[in-house]
Amino acid sequence: MPRIKSAKKRVEVTERNRLRNIAYRSAVKTAIKRVVQAVVSKLGTDEVVSLKRKADSLIDRVTLKGIFHRNKAARLKSRLAKKVAKAA
């Protein structure tokens with residue numbers, strides 16, 4: 001454990017950020033799963049596109065916060081777009 005006050009604060013901040021980042025990553029995974037499930041269950045095209053738009057928005061937000069690398073975000077969005085296009 002750190003002895004210096006600023007180091008103790010950094011430990012607290014790092015832990016708080018780590019938990020927040022886990023929550024964001026989980027939200028992105030859930031959004032992606034919803035899109036994939038919608039594609040597999042052959043929901044209406046409008047619903048699938050709407051879910052994909054929400055997932056893309058969430059991925060972009062997480063990328064802006066620095067949780068995902070921009071290449072990872074692009075890869076996730078591209079794979080989702082392929083699945084949606086294949087279903088349509």
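Look up: the structure comes first, before these words.
Residues numbered from 1 in each chain as written. Predicted model: local features only at pLDDT ≥ 70, side-chain atom pairs only at ≥ 80, totals over all residues. Heavy atoms only, no water.

A. Main features of the overall build of the protein. Helix and strand counts for the protein come out as three helices and zero strands. For 88 residues, the compact-globule estimate of 2.2 N^0.38 gives 12 Å, and the C-alpha radius of gyration of the protein, at 17 Å, exceeds that figure by more than 25%. Dimensions along the principal axes, computed over C-alpha positions, put the protein at roughly 60 × 20 × 15 Å. Counting all 88 residues of the protein, 23% fall into the buried class. Carbon and sulfur atoms provide 54% of the accessible area of the protein, an area that totals close to 6,900 Å². Placing the 26 positive and 6 negative side-chain charges of the protein at their respective mean positions leaves the two points 8 Å apart. (Helix = DSSP H or I, 4+ residues; strand = E, 2+ residues; numbered from the N terminus. Rg over C-alpha atoms; globule rule 2.2 N^0.38 Å. Buried < 20%, exposed > 50% of the residue type's maximum accessible area, 1.4 Å probe, protein only. Areas by Shrake-Rupley, 256 points an atom, 1.4 Å probe, with all protein chains shown as cover. Lys, Arg positive; Asp, Glu negative; His and termini not counted. Charge placed at Lys NZ, Arg CZ, Asp CG, Glu CD.)

B. The pattern of salt bridges, seen in detail. According to the stated counting rule, one finds three salt bridges in the structure shown. Here R18 makes a salt bridge to E15, at a shortest N to O gap of 2.8 Å. With R18 and E15 both in helix α1 (residues 5-40), this residue pair falls three residues apart, about one helical turn. Note that D56 and K52 form a salt bridge whose closest N and O atoms lie 2.4 Å from each other. You can see D56 and its partner K52 sitting in helix α2 (residues 45-64), four residues apart, about one turn around the helix. Given the relative accessible area of 13%, D56 is considered buried. With relative accessibility at 15%, the residue K52 sits in the buried group. (Salt bridge = Lys/Arg side-chain N within 4 Å of Asp/Glu carboxyl O.)

C. Local environment of the nonpolar core. V28, I32, I59, F68 and L80 are the most contacted members of the largest nonpolar core, which has 17 residues in total. The biggest single contributor to this core is α1, with six residues. What V28 contacts, discounting residues up to four positions off in sequence, is L58, I59, V62 and F68. (Core = buried A, V, L, I, M, F, W, Y, C linked by side-chain atoms within 4.5 Å. Contact = heavy atoms within 4.5 Å.)

D. Summary view of unusual backbone geometry. One non-glycine residue, K42, adopts positive backbone phi at about 55°. Mapping K42 onto the fold places it in the loop between α1 and α2.

E. A look at helix α3 (residues 70-87). Between its first and last C-alpha, α3 extends 26 Å over 18 residues, near the 26 Å set by a 1.5 Å rise per residue. Listed as buried for α3 are A73, L76, L80 and V84. Taken down its axis, α3 places every buried residue within 70° of arc, on the same side. Among the exposed residues of α3, those oriented more than 90 degrees off its buried face are R79, K82, A85 and K86. On its buried face, α3 sits against α1 and α2. (Expected span 1.5 Å × (residues − 1). Arc of directions from axis to C-beta.)

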